[in-house]
Amino acid sequence: MNLKIMTTAGFFLLLTACMSTSDPLGPPESAWADYLSWYKVTPEAETGDPTGFLGSVHDGTRAFRQIYVNSVGEPVNRGTRGFPYPPGSILVKESFNNRAALDSRRNPDLTVMIKLPQGQSLETGGWEYVRPDGARGNGASDLAAFCRDCHLFAAATDYNFINSVFYQNNR
Ligand code: HEC
């Protein structure tokens, strides 16, 4: 096993492992169990750093990533409805370490964003963040701040970096 790949894969978790996390405000994991049937924002997996904000998170620039949105958030993501995303929207991102892992769908890391009912977690613009190990970040927790502080660069599109319009314009 390639040490470099293992190191990159573990980095995201390691980086956030000691942070305070939150009790869930959003739905349980079963809410995105069938995400593969959702609208795929990235018809082809993206790699590198198309937004310029990735740094070393989400398994780094060598990873291959695919993003999905549920039916609640789909119209906003596809640009047929304006921002912000309505409560109940869920964005799921799969990160694969490399092309071979993508092709065989081997061990994707899942990171998730859930739009909470209006008025909750104002610190994060109403989003709950879910780390690959299932830990939740909302409100004033360290994990919420960690995810929010970078996703804030996408504040103009409700903290969502890659939507269908971005993908079309930058592929
Ligand atoms: C240093 C910046 C940074 C941090 C920290 C970060 N992200 Fe992201 N995230 C990105 C970028 C950039 C994208 C766009 C897709 C890509 O390039 O892979 C993204 C995409 C996503 C997406 C897909 C929707 C979208 O906005 O495109 C989800 C879901 C997501 N991140 C969840 C999380 C969670 C959960 C955390 C915290 C555990 C987190 N992110 C922390 C930079 C970051």
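Thresholds applied
- Residues numbered from 1 in each chain as written.
- Predicted model: local features only at pLDDT ≥ 70, side-chain atom pairs only at ≥ 80, totals over all residues.
- Helix = DSSP H or I, 4+ residues; strand = E, 2+ residues; numbered from the N terminus.
- Rg over C-alpha atoms; globule rule 2.2 N^0.38 Å.
- Buried ≥ 20, exposed ≤ 12 C-beta atoms within 10 Å, placed from the backbone.
- Contact = placed C-beta atoms within 7 Å.
- Pairing = 2+ DSSP bridges.

When helices and strands are counted, the protein shows 5 helices and 6 strands. The order of α-helices and β-strands along the protein, N terminus first, is α-β-β-α-β-α-β-β-β-α-α. A globule of 171 residues ought to have a C-alpha radius of gyration of about 16 Å, and the protein, at 15 Å, matches this closely. Dimensions of the protein, computed from C-alpha atoms along their principal axes, come out at roughly 45 × 35 × 30 Å. Here the protein holds 171 residues, and 36% of them are scored as buried. Partitioning the intrachain contacts of the protein with sequence separation of at least 6 by distance along the chain shows that 60% fall at a separation of at least 24.

Next up on the list: the environment of Leu25. Within the fold, Leu25 resides in the loop between α1 (3–16) and β1 (39–40). What makes Leu25 partly exposed here is the crowd of 15 C-beta atoms within 10 Å. Distance from Leu25 to Pro43, taken between C-alpha atoms, is 31 Å for residues 18 residues apart in sequence.

One open sheet holds the 6 strands; their spatial order is β1-β2-β3-β4-β5-β6, and the pairing between them is antiparallel. The open sheet terminates on both sides in strands that have one partner only, identified here as β1 and β6 (136–137). Summarising the sheet, strand β3 (residues 90–96) and strand β4 (residues 109–115) pair through 6 bridges and their orientation is antiparallel. Opposite Lys93, over in β4, you have Thr111 as the bridge partner.

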